[in-house]
Amino acid sequence: MPTIEDVRTAAAGLHGRIHRTPMVESSALDELFGGRLTLKAELFQKTGSFKVRGLLNKTLKLTAEERERGVITVSAGNAAGALAWAARDAGVPATVVMAKTAVPAKIAAARAYGAQVELVEGDLMGAYESIRDERKLTGVHPFDDLDVIAGHGSLTLELLDDRPDVDTVLVPVGGGGLISGVALALKLIRPSIRVIGIEPENADVVSRSLEAGSPQKLPTAKSVADGLAAPVCGTHNYAIIAQYVDQLVRVSEDAIIEATRLVISRTKLALEPAAAAPFAALLEGKVELGTLTASVVSGGNLDVAKLAL
């Protein structure tokens, strides 16, 4: 499990390579939800999501031999773009495995950053492992990796520096990469902060894992919040979430869509549905605000068609 020094080392390595994303306030959202909210706007991060924090940190830690072989990951889209960008920055060949049904803009972004994109049907993880082994590429797991987790934790250091009075943090949950990095760093620095994860009802592998007492795998995971539709909970992620996350809640697809429209309308932030999951939990009354609640706006790679009814 990473230490707080691992997180600080990751942050130092990322400094100057990625953006320090802003905190955004909205009096309209404060009034609507009856409390003080601050938004960590990771949609303004390089490649449009938080993913670049962990995947660049991982890329920077590769050995010369691993770089020479080239890297590969599997992704619904944001991790693909992040690894493609990070690999290009480091001069490393990159391959990304994505579903044929992935958001076209996310496929195009990965290609634009220079990655070789393999579009597959069916078992994405199986295809990833097969291509990785056949081509002898260096596998980079999109969330179940200690260096990736430490990189994501760098977000926490910025958040606490900018809003030291925060007492509750809301985090979207897919396979567990973001929340494990954020929760670990938060609890190691200030254990009193409440950490709440939010995931779609249709892709609730982390909730099911906690209920079962071990990492689980779903036969299918599909959500309008495609960035949260991970079919598996990472082993490392599970251990950290079980230890450090205070609450995990599920939200409906309708609430995610409504929340996405709401936040775009009130803040003018073009966030993707995955980033709106915490606001869906607020709309459904499943989360209580603290004195100052921070919500991680995890990404802005929006497929506008998904907001149509």
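Everything that follows concerns the structure shown earlier in this document.
Residues numbered from 1 in each chain as written. Predicted model: local features only at pLDDT ≥ 70, side-chain atom pairs only at ≥ 80, totals over all residues. Heavy atoms only, no water.

1. A few points about the overall build of the protein chain
Okay, so step 1: In terms of regular secondary structure, the protein chain is built from 13 helices and 10 strands.
Okay, so step 2: With the principal axes as the frame, the protein chain shows a C-alpha extent of 55 × 45 × 40 Å.
Okay, so step 3: Within the protein chain, buried positions represent 58% of all 309 residues.
Okay, so step 4: The long-range share in the protein chain, meaning contacts at least 24 apart out of those at least 6 apart in sequence, stands at 73%.
Okay, so step 5: If you sum the accessible surface of the protein chain, you get close to 12,000 Å²; carbon and sulfur atoms cover 49% of it. (Helix = DSSP H or I, 4+ residues; strand = E, 2+ residues; numbered from the N terminus. Buried < 20%, exposed > 50% of the residue type's maximum accessible area, 1.4 Å probe, protein only. Contact = heavy atoms within 4.5 Å. Areas by Shrake-Rupley, 256 points an atom, 1.4 Å probe, with all protein chains shown as cover.)

2. Section: the environment of alanine 239
Okay, so step 1: Among the structural elements, alanine 239 can be located in helix H11 (residues 235-244).
Okay, so step 2: Between the C-alpha atoms of alanine 239 and glycine 122, which are 117 residues apart in sequence, the distance is 28 Å.

3. Quick notes on the nonpolar core
Okay, so step 1: Val166 and Val169 are the most contacted members of the largest nonpolar core, which totals 34 residues.
Okay, so step 2: Those elements that provide at least two residues to this core are helix H1 (4-14), helix H8 (146-162), strand S7 (168-172), helix H9 (177-189), helix H10 (205-212), H11 and strand S10 (293-297).
Okay, so step 3: Not counting chain neighbours up to four residues away, the residues in contact with valine 166 comprise Leu159, Leu160, Arg190, Ile193, Leu292, Thr293 and Ala294.
Okay, so step 4: Among the nonpolar cores identified, the runner-up in size contains 33 residues, and Leu39, Val224, Ile257 and Leu269 belong to it. (Core = buried A, V, L, I, M, F, W, Y, C linked by side-chain atoms within 4.5 Å.)

4. Considering the environment of arginine 88
Okay, so step 1: By the secondary structure assignment, arginine 88 is in helix H5 (residues 78-90).
Okay, so step 2: The residues contacting arginine 88, other than those within four sequence positions of it, are Ala112 and Tyr113.

5. Describing the pattern of salt bridges
Okay, so step 1: Throughout the structure, instances matching the rule amount to 22 salt bridges.
Okay, so step 2: The salt bridge partner of arginine 20 is aspartate 162, with a shortest N-O separation of 2.8 Å. Here aspartate 162 lies in helix H8 and arginine 20 lies in the loop between H1 and strand S1 (23-24), a separation of 142 residues in the sequence.
Okay, so step 3: According to the relative accessible area criterion, aspartate 162 is partly exposed, its value standing at 27%.
Okay, so step 4: Among the ionic pairs, glutamate 42 bridges to arginine 53, the shortest N-O distance being 2.8 Å. With glutamate 42 in the loop between strand S2 (37-41) and helix H3 (51-60) and arginine 53 in helix H3, the pair connects residues that are 11 residues apart, well separated along the chain. (Salt bridge = Lys/Arg side-chain N within 4 Å of Asp/Glu carboxyl O.)

6. Comments concerning unusual backbone geometry
Both trends apply: most residues other than glycine have a negative phi, and most peptide bonds are in trans.
Okay, so step 1: Located in the positive-phi region is threonine 47, a residue other than glycine, with phi close to 65 degrees.
Okay, so step 2: Positionally, threonine 47 belongs in the loop between S2 and H3.
Okay, so step 3: Notably, lysine 268 is not glycine yet its phi reads approximately 70 degrees, a positive angle.
Okay, so step 4: Classification of lysine 268 by relative accessible area gives exposed; the value is 65%.

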